[in-house]
Amino acid sequence: MSDATEEGGLYPPERVARAQEAARDAGLDALLVTPGADLRYLTGYQALPLERLTCLVVPAEADPFLVVPALEKAAAEASPAGRLGIEITGFAETDDAYELVARRLPPGTTRFAVDNHMWAEKLLAFQDALPRARAGLAGDVLAGLRMRKSAAEVEALRRAGAAIDRVHRRMGEWLRPGRTEREIARDVADAILAAGHATVDFVIVGSGPNGASPHHEVSDRVVRAGDPVVVDIGGTTPDGYCSDSTRTYAVGEPPAEFRELYEVLQGAQAAQTGAVRPGITAQELDAVGRDRIAAAGYGEHFIHRTGHGIGLETHEEPYIVAGSARPLEPGMAFSVEPGIYLPGRFGARIEDIAVCTEAGGERLNLTGRDLVVLPA
Ligand code: ZN
Ligand code: ZN
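Not measured: the values here are computed from a predicted model.

1. Details of the domain arrangement of the protein chain
Domain boundaries assigned for the protein chain yield domain 1 (3-146) and domain 2 (151-374). Each of domain 1 and domain 2 has a C-alpha centre, and these two points are 34 Å apart. Together, the buried faces of domain 1 and domain 2 total about 930 Å²; carbon and sulfur atoms form 52% of this surface. Broken down residue by residue, the surface that domain 1 buries against domain 2 is led by Leu-10, Arg-40 and Arg-146, which jointly contribute 51%. Linking domain 1 with domain 2 are three salt bridges, by the criterion used here. Inspection of the domain 1/domain 2 interface yields six residue pairs in polar contact (both at pLDDT 80 or more). Counting residues per element, the ones that place at least two in the side of domain 1 that touches domain 2 are α1 (4-10), α3 (37-43) and α7 (139-146). Class assignment for the residues of the side of domain 1 that touches domain 2 results in five nonpolar, two polar and four charged.

Here is the structure:
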């Protein structure tokens, strides 16, 4: 994290209180949040998940507190969590941290919720310490907060989008015939860091038939002249927000049938990004692209949902998927990434991150969406 003003904007101090309110509304007695995206969202504290317990405890009707191993207390106090005015309690190596939390919860605690990624061993230890209480998932209450992004969060996603766009713009430096997907991916990963990310989260280089497998990562296949190549890349910026963008390239002139398929896909993806607005439901937005792809005869080859929310995690709510009647709201950020995959031959996907705004939608990835034909 860079400067304090920016940090305050991205991780404002009132979130713990809002989570407490949401927990109360959901009839929960307490939220228990261990290191991960939820903890960072609520406190700005980027703690590592380790075997010792670090846990933000948010009782519905009492003051929240943060439990940390004694040896982590100084680090926790120095983190943004230290400026929230909540108590930070250290425990010694010989203390039972779970008992310590249980003793401090109100005696009548019957329902608590844990962050969705809490380690099973920690959840089981909490269940042992609170034998009369039932455990649920905090994601149900926290997703409602996290998926409605603040202006500062949208700005952070915009910066992440610009960073990954810089990598796509350089693809011709690395994507050439005679090189393996793995060699290309190594260069792309270096460029993801050089573009301003703190970590590389994934690099998919799917050349020729490998492009027909949406989550193919890399292999030792050598890229050949005429190959279409799906490149799906993303990372996390130092302030915690993720990027994710796919472009499909051709190395030299691709088969004519690939061009036809790409044109259908491009039309569908553009229609979908153009349809983003408050009130449209996730399933309606999915259908905008799926119907066009099906009408062109490729329906059975669009084998995944349209997209996923993005923020402190690459995949989070809201999911843009058939069956979700969730209406989009200003501040929601998600991918729009239809794809068409012909097994054994080739595939194509175009992915932009979009944000729902008051007026409609904004794309955060701005590289061209026409097929980029690189020199063979
Ligand atoms: Zn992606
Ligand atoms: Zn994605």
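2. What to know about the nonpolar core
Formed by 40 residues in total, the largest nonpolar core has its most connected members in Leu-31, Leu-42, Leu-56, Leu-66 and Leu-142. Elements supplying a minimum of two residues to this core: α2 (15-25), β1 (30-33), α3, β2 (55-59), β3 (65-69), α7, α8 (151-169) and β15 (352-356). Each of domain 1 (3-146) and domain 2 (151-374) contributes no fewer than three residues to this core. Apart from the residues lying within four places of it in its own chain, the contact partners of Leu-42 are Arg-15, Val-16, Ala-19, Val-33, Leu-56, Leu-84 and Leu-142.

3. Brief notes about the coordination of the zinc ion (ligand 2)
The zinc ion (ligand 2) binds to the protein through Asp-244 (OD), His-308 (NE2), Glu-337 (OE) and Glu-351 (OE); the donor distances cover 2.0 to 2.2 Å. Every donor counted, the four donor atoms about the zinc ion (ligand 2) form angles of 82 to 162° at the centre, which fits irregular coordination. Read in sequence order, the donor residues for the zinc ion (ligand 2) give the motif D-x63-H-x28-E-x13-E. Between the two metal centres, the zinc ion (ligand 2) and the zinc ion (ligand 1), the spacing is 3.0 Å, with Asp-244 acting as a shared donor. Within this pair, whereas Asp-244 is found in the loop between β8 (228-236) and β9 (245-251), its partner His-308 is found in strand β10 (residues 307-309), the two being separated by 64 residues in sequence. Residue class for His-308 comes out buried when judged on its relative accessible area of 2%.

4. Re the coordination of the zinc ion (ligand 1)
Within the first shell, the zinc ion (ligand 1) binds the protein through Asp-232 (OD), Asp-232 (OD), Asp-244 (OD) and Glu-351 (OE), at distances of 2.0 to 2.5 Å. Along the chain, the residues donating to the zinc ion (ligand 1) fall in the pattern D-x11-D-x106-E.

The rules we used
- Residues numbered from 1 in each chain as written.
- Chains lettered and ligands numbered in written order.
- Predicted model: local features only at pLDDT ≥ 70, side-chain atom pairs only at ≥ 80, totals over all residues.
- Heavy atoms only, no water.
- Domains from an automatic or database assignment.
- Buried area = accessible area lost by both parts, 1.4 Å probe.
- Salt bridge = Lys/Arg side-chain N within 4 Å of Asp/Glu carboxyl O.
- Polar contact = N/O pair within 3.5 Å; in protein donor to acceptor, adjacent residues only side chain to side chain.
- Helix = DSSP H or I, 4+ residues; strand = E, 2+ residues; numbered from the N terminus.
- Nonpolar A, V, L, I, M, F, W, Y, C, P; charged D, E, K, R; others polar.
- Core = buried A, V, L, I, M, F, W, Y, C linked by side-chain atoms within 4.5 Å.
- Buried < 20%, exposed > 50% of the residue type's maximum accessible area, 1.4 Å probe, protein only.
- Contact = heavy atoms within 4.5 Å.
- Donors = N, O, S within 2.8 Å, 3.2 Å for Na, K, Ca; no water.
- Tetrahedral: all angles 85-135°; square planar, octahedral: opposite > 155°, others 65-115°.

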